[in-house]
Amino acid sequence: LQSVAEERAQRQAQRAEKDKQFEARKAENEEKNAEFESRKAAWEARQAARPRKETDKCESDSAYTESTVPSSGFVDEVDPGEVESRASMDKKVRKLAKVLR
């Protein structure tokens, strides 16, 4: 059994310890955040100083590069009816076709 004064003193001591721990964590987090911000600023400075390649937009986005052009030996004749029937099986295609009518 403790008196009310002893319990109050004990709670105040516990609260003071928790406050002390909180302040320590807060200081540590602020230190980490400052370190992160400095590293981030250094990285951004390096990225800004790095020369960028200027590529021609049309040349880089070409759909007909050597790797995508099919060889003449592997090209099968595509039946437009077959393509349309396969496309019409898709729900979104049917919905959009109805909107376009």
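Keep in mind that this is a model prediction, so the values were computed, not measured.

## Focus on the overall build of the protein chain
Helix and strand content of the protein chain: four helices and zero strands. The N-to-C order of helical and strand elements in the protein chain reads α-α-α-α. When the 101 residues of the protein chain are sorted by exposure, 0% land in the buried category. Taken as a whole, the protein chain presents about 10400 Å² of accessible surface, with 54% of it coming from carbon and sulfur.

## Looking at the pattern of salt bridges
The full count for this structure, using the stated rule, is five salt bridges. Notably, a salt bridge pairs Arg 11 with Glu 7, separated by 4.0 Å at the nearest N-O pair. Taken as a pair, Arg 11 and Glu 7 lie in helix α1 (residues 4–49) at a separation of four residues, close to a single helical turn.

## Looking at a positive patch on the surface
Taken together, Lys 91, Lys 92, Arg 94 and Lys 95 make up a surface patch of like positive charges. Counting through the fold element by element, Lys 92 comes out in helix α4 (residues 91–100).

Rules used in this analysis
Sequence order as written defines the numbering, with residues in each chain counted from 1. Under the rules for a predicted model, residues below a pLDDT of 70 receive no local features and side-chain atom pairs below 80 are neither given nor counted, while totals for whole chains, interfaces and linings still include all residues. For the side-chain quantities, the full set of heavy atoms in the structure was used; hydrogens and water were omitted. Numbering goes from the N terminus for both helices and strands, where a helix is a DSSP run of H or I of at least four residues and a strand is a run of E of at least two. When accessible area is computed with a 1.4 Å probe and restricted to protein chains, residues below 20% of their type maximum are described as buried, those above 50% as exposed, and intermediate ones as partly exposed. Residue-level accessible areas treat just the shown protein chains as cover; the underlying method is Shrake-Rupley with a 1.4 Å probe. For this analysis, a salt bridge means a side-chain nitrogen from Lys or Arg found within 4 Å of a carboxyl oxygen belonging to Asp or Glu. Patch building starts from residues that exceed 30% relative accessible area and form no salt bridge, then joins like charges within 9 Å and nonpolar side chains (Val, Leu, Ile, Met, Phe, Trp, Tyr) within 5 Å. By the counting scheme adopted, Arg and Lys are positive, Glu and Asp are negative, and His together with the chain ends is not counted. For this purpose, a charge sits on NZ of Lys, CZ of Arg, CG of Asp or CD of Glu.

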